[in-house]
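Okay, here's what each chain looks like letter by letter:
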Amino acid sequence: MTRKTSTATIFNLLQLACLIATTSASIVSTGDFNRDFDITWSPDHVNTSPDGRTRSLKLDQESGSAFASKDMFLFGQIDMQIKLIPGYSAGTVLAFYLASDQPNRDEIDFEFLGNVTGQPYILQTNIYANGYDNREERIYLWFDPTKDFHTYSILWNLYQIVFMVDWVPIRLYRNHADKGVAYPRRQPMSLKASLWNGDSWATRGGQDKVDYSKGPFIVSFRNYKIDACVGKGNPRFCRGDSTTNWWNNPRLSSLNWYQRRLFKWVRKYHLIYDYCRDTNRFQNHLPKECSLPKY
């Protein structure tokens, strides 16, 4: 099967998957950034449309910028449409993530690493569980994320964490807590986005720096959906399987056959770094989850 054919098949199948997922969803977000999020860094660098439906973050010589959800969540699905910085974006980092803000924090990260003009963005994902991270993976996207909006999603349930791009699963992290592997399952997390200067490491290990003469650097957001359990009161409510907590349904305990096909396609053609293959970094003692099943 050619790469072109498998790409077309991927999107046809996932259109159906998207329809199935949304029919049983219980929406907790309003679609209004002003109502669902607080501006947490540099309000004069955050621009929100009059109807609250779109928002942008700006980075310049003065400051970066950020916003965070008013509520905290324990399991669910998060979707956000994002359009990244066009042209020269080296050294910039857009983080779109869930975080618990505890000393032993849990965190589920998308990090978009800018590049020099003509070179592709790198999408890095990472997971903190009980305060420990070092679980980075990196891919090149199969499209230009600066030309239009694309949907970036996190499905987080009792069984697995699935990172998705336009409904294509790009990364899995399975709940192997019963085997001694830390998994985010007790700490509610807020949804955050921040745009900042990460040029000490973000592009070619820090070799390419932010060039503010090519700024300001702007990232745009729209059409978000937070379909998750608000982490208040008894956490058992969020861990239960119910019509409301559809994400904990056992049918979502693993990828189905066509999602696995998509996942394998991403790993074959677009993966550029996987911590589970970095034996030098871990001195031939890879983290335990690296030897355990992903499905």
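Predicted model, so just to flag it, every value in this text is computed and none were measured. Note that residues are indexed from 1 along each chain, following the sequence as it is written. The predicted origin of the model limits local features to residues at a pLDDT of at least 70 and limits the giving and counting of side-chain atom pairs to 80 or more, whereas totals for whole chains, interfaces and linings rest on all residues. Heavy atoms from the whole structure form the basis of all side-chain values; hydrogens and water molecules are not counted.

Participant: I would appreciate a short explanation of the confidence of the model for the chain in the present structure.
Facilitator: Caution applies to low-pLDDT parts of the model: their predicted coordinates are not meant to be read in detail. Per-residue confidence from the prediction method is given by pLDDT, with values spanning 0 to 100. Looking at the chain, the pLDDT average stands at 91 and 90% of residues meet or exceed 70. Within the model, pLDDT remains below 50 along residues 1–5, and this stretch shows 5 contacts once partners closer than five positions in the same chain are excluded. In this analysis, two residues are considered to be in contact whenever any of their non-hydrogen atoms come within 4.5 Å of each other.

Participant: Looking at this structure, I do not really get the state of the cysteines. What am I missing?
Facilitator: Note on terminology: a disulfide is the covalent bond linking the sulfur atoms of two cysteines. The term disulfide is used for any two cysteine sulfur atoms that are within 2.5 Å. In this structure the tally under the stated criterion is 2 disulfides. Disulfide partner of Cys 229: Cys 238, at an S-S distance of 2.1 Å. Between Cys 229 and Cys 238 the disulfide shows an S-S torsion of about -70°. By sign, it is left-handed. Taken individually, Cys 229 and Cys 238 each receive the classification buried, so the pair is uniform in this respect. In this scheme, a residue with accessible area under 20% of its type's maximum is buried, one over 50% is exposed, and one in between is partly exposed, where area comes from a 1.4 Å probe on protein chains only.

Participant: Explain the pattern of salt bridges to me, please; I cannot follow it from the model alone.
Facilitator: Where charged atoms of side chains with opposite charge meet at close range, the side chains can pair. A carboxyl oxygen of Asp or Glu within 4 Å of a side-chain nitrogen of Lys or Arg is what we treat as a salt bridge. Under the criterion given, the structure shown has 12 salt bridges. Between Lys 70 and Asp 38 there is a salt bridge, and its shortest N-O distance comes to 2.6 Å. Of this pair, Lys 70 sits in the loop between strand 4 (65–69) and strand 5 (73–83) while Asp 38 is found in strand 1 (residues 37–41), placing the two residues 32 residues apart along the sequence. Note that Asp 178 and Lys 179 form a salt bridge whose closest N and O atoms lie 3.6 Å from each other. Since its relative accessible area comes to 64%, Asp 178 is described here as exposed. Members of the salt-bridge network, linked through shared partners, are Glu 137, Arg 171, Arg 267, Asp 274 and Arg 277. Secondary structure elements follow DSSP: runs of H or I of four or more residues count as helices, runs of E of two or more count as strands, with numbering from the N terminus.

Participant: What's the story with the sheet that holds strand 12 (residues 168–174) in this structure? I'm lost.
Facilitator: Either a parallel or an antiparallel arrangement is found when strands of a sheet pair, and the pairing is made through backbone hydrogen bonds. Strand order in the open sheet formed by 7 strands is 2-3-14-5-10-11-12, and the pairing between neighbours is antiparallel. The sheet is open, and its two borders are formed by strand 2 (46–48) and strand 12, each paired with just one other strand. Along the sheet, successive strands turn relative to each other by an average axial angle of 20°, direction set aside. A strand pair is defined by DSSP finding two or more bridges across the two strands. Inter-axis angles, ranging from 0 to 180 degrees, are taken between N-to-C directions of lines fitted to C-alpha atoms, where helices are fitted over the stretch in contact.

Participant: In this structure, what is going on with the nonpolar core? I would like to understand it.
Facilitator: In globular proteins that are soluble, nonpolar side chains generally tend to be buried together. Grouped together as the largest cluster of nonpolar side chains are 68 residues, with contacts concentrated most on Ile 82, Phe 112, Trp 156 and Phe 221. Ranked by the residues each element gives to this core, the list is headed by strand 14 (residues 217–230), at 7 residues. Setting aside residues no more than four positions away along its own chain, Phe 112 makes contact with Ile 82, Leu 84, Thr 92, Val 93, Leu 94, Phe 96, Tyr 121, Ile 122, Leu 123 and Tyr 152. For this analysis, a nonpolar core means a set of buried residues of the types Ala, Val, Leu, Ile, Met, Phe, Trp, Tyr and Cys, connected via side-chain atoms within 4.5 Å.

Participant: Got a minute to help me understand unusual backbone geometry in this structure?
Facilitator: The general pattern is negative phi for most residues beyond glycine and trans for most peptide bonds. Here the bond from Gly 215 into Pro 216 is cis, since omega is 0°, no more than 30 degrees from zero. Assignment of secondary structure puts Pro 216 in the loop between strand 13 (190–197) and strand 14. Positive phi outside glycine occurs at Asn 134, with the angle close to 55°. Following the sequence through the fold, Asn 134 ends up in the loop between strand 8 (122–128) and strand 9 (137–140). Residue class for Asn 134 comes out partly exposed when judged on its relative accessible area of 38%.

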